[in-house]
Structure formats: structure tokens, C-alpha cells
Amino acid sequence: MDDSRIIELFLERSEKAISELSSKYGGVCMKIAQNVLNNYQDAEECVNDTYFGVWNTIPPQKPDSLLAYVCRIVRNISVNRYKYNSYQKRNGIYDVCISELGECVSSSDTAEELFEINELSGFIDDYLDTLDKTNRMLFVRRYWYLDPIETLAKMSKLSAGAVRTRLSRLRGMLKKYLESRGVIV
């Protein structure tokens, strides 16, 4: 079933929408949750919470890309679960990925800084548009989907060392790109 029809089912409040969403994107959702949590039961619960979240937000939302919408929800729920599970622990893939990007961007809490985050997000999107297909895939799969280096190496048919080197260079290029846009890193 195509995405627009699944969205229509949500808008009609049909319970079939959840089963269709699950059959079409359940595997992707589970992969994202597993990458963040590394725990099957927690990942499964986050995926179920994602379906509930989609149910509660469509309507009023009507996303242009159902896959992106669902991935964002499952990722946010999984990250929140990860933070809850590992309060004051640093050893998971999420922490590794965030610390890798920490040299390019920093986190913030004030309203002014939250506004700047939206602007920063646009700059990062623009930066990704400058990358070739392989580098963009490596960057997004590592820092959005939180795929391990070994998985990225298999996907790109590069060695793990080559992937690490590319990601390091990509982070360096991102830092320079952001600095050229006036972002203080």
C-alpha cells in the first residue's frame, strides 16, 4: 500500500492504518530503535510507542514523507528511552555518535539557542547536498540511523578504517562549512 493511502487511513481513524504502517515500515523502525538501544525488548516497545505516536499526531499532521515522519518519531522515542536507561552512563553507540559530532556542533537549552538549532539544521541539510552519494549515505547512516562502522563498511564496500577516515574528514568539512556560514563551533 502506498504512503498516501496509509495516511488516509490514519485520517479516517481506521485501525488498519497501524497494521499497514507496521507491515511497510516496521522493519525500518525496529532497525533504528535497535541501533539506538541495542536491546530487543526496549526497541520493540519503542516501535509500538511510535505507532501510538503516529496515531495521535495524524491528524492533525499530514506528513509529506511518511517514512521520514515515522523514522523521526521512532528515533526520538528511542533516544529518550536510551537516555532514561543509561542515565549517567556513557558507552552506547548513541553516545559515540554524539561525541563524534560534538567537535562540529554543540548542544544547547535556551530559547535563543533552540532557534539557532533550527538554523543549524538548515545549514547541515545544505552541507549534505554538497556531498556525493556515498559520503552522504555514510554521514546520514552514521549520525541519523546510528549504524555501526562495520555495517557502513559492508554497505559501502569500504574497509572499516576507510569509513572511519571518511567520517572524520566529513566532520572536519562540516565544521569548516558551518564556520563559513558564521556558526561558532
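This text follows the structure it describes.
Keep in mind that what you see is a predicted model, and the values were worked out from it rather than measured.

A.B. asks: Just to check I follow, could you spell out the nonpolar core for this structure?
C.D. replies: Most often, soluble globular proteins have nonpolar side chains that are buried together. The biggest cluster of nonpolar side chains holds 30 residues, and the ones touching the most others in it are Phe-10, Leu-21, Val-47, Val-54, Ile-58 and Leu-66. Of all elements in the fold, only α1 (3-11), α2 (16-37), α3 (40-57) and α4 (66-85) reach the threshold of two or more residues within this core. Ranked by residue count, the leading element in this core is α2, at nine residues. Setting aside residues up to four positions removed in sequence, Leu-21 forms contacts with Ile-6, Phe-10, Gly-26, Tyr-51, Val-54, Leu-66 and Val-70. The next biggest cluster of nonpolar side chains, apart from the first, holds 17 residues, and it includes Tyr-127, Leu-152, Ala-153 and Tyr-177.

A.B. asks: Explain the side chain of Arg-81 here, please?
C.D. replies: Secondary-structure assignment places Arg-81 in helix α4. Within the structure, the side chain of Arg-81 is placed 3.3 Å from the side chain of Asp-42, a separation counted as a polar contact.

A.B. asks: Sorry if this is basic, but what is going on with the environment of Ile-32 here?
C.D. replies: If you trace the backbone, Ile-32 turns up in helix α2. When its relative accessible area of 2% is taken as the criterion, Ile-32 is described as buried. Beyond its immediate sequence surroundings of up to four residues, Ile-32 is in contact with Cys-71, Val-74, Arg-75 and Tyr-145.

A.B. asks: Just to check I follow, could you spell out the pattern of salt bridges for this structure?
C.D. replies: For side chains bearing opposite charge, pairing can occur when the charged atoms are close. In total, this model carries seven salt bridges according to the counting rule given. Notably, a salt bridge pairs Asp-147 with Arg-141, separated by 2.6 Å at the nearest N-O pair. Looking at Asp-147, the relative accessible area reads 0%, which means it is buried. Connected through shared salt-bridge partners, Arg-5, Glu-8 and Glu-12 make up one network.

Reading the values: the criteria
- Residues numbered from 1 in each chain as written.
- Predicted model: local features only at pLDDT ≥ 70, side-chain atom pairs only at ≥ 80, totals over all residues.
- Heavy atoms only, no water.
- Core = buried A, V, L, I, M, F, W, Y, C linked by side-chain atoms within 4.5 Å.
- Buried < 20%, exposed > 50% of the residue type's maximum accessible area, 1.4 Å probe, protein only.
- Helix = DSSP H or I, 4+ residues; strand = E, 2+ residues; numbered from the N terminus.
- Contact = heavy atoms within 4.5 Å.
- Polar contact = N/O pair within 3.5 Å; in protein donor to acceptor, adjacent residues only side chain to side chain.
- Salt bridge = Lys/Arg side-chain N within 4 Å of Asp/Glu carboxyl O.

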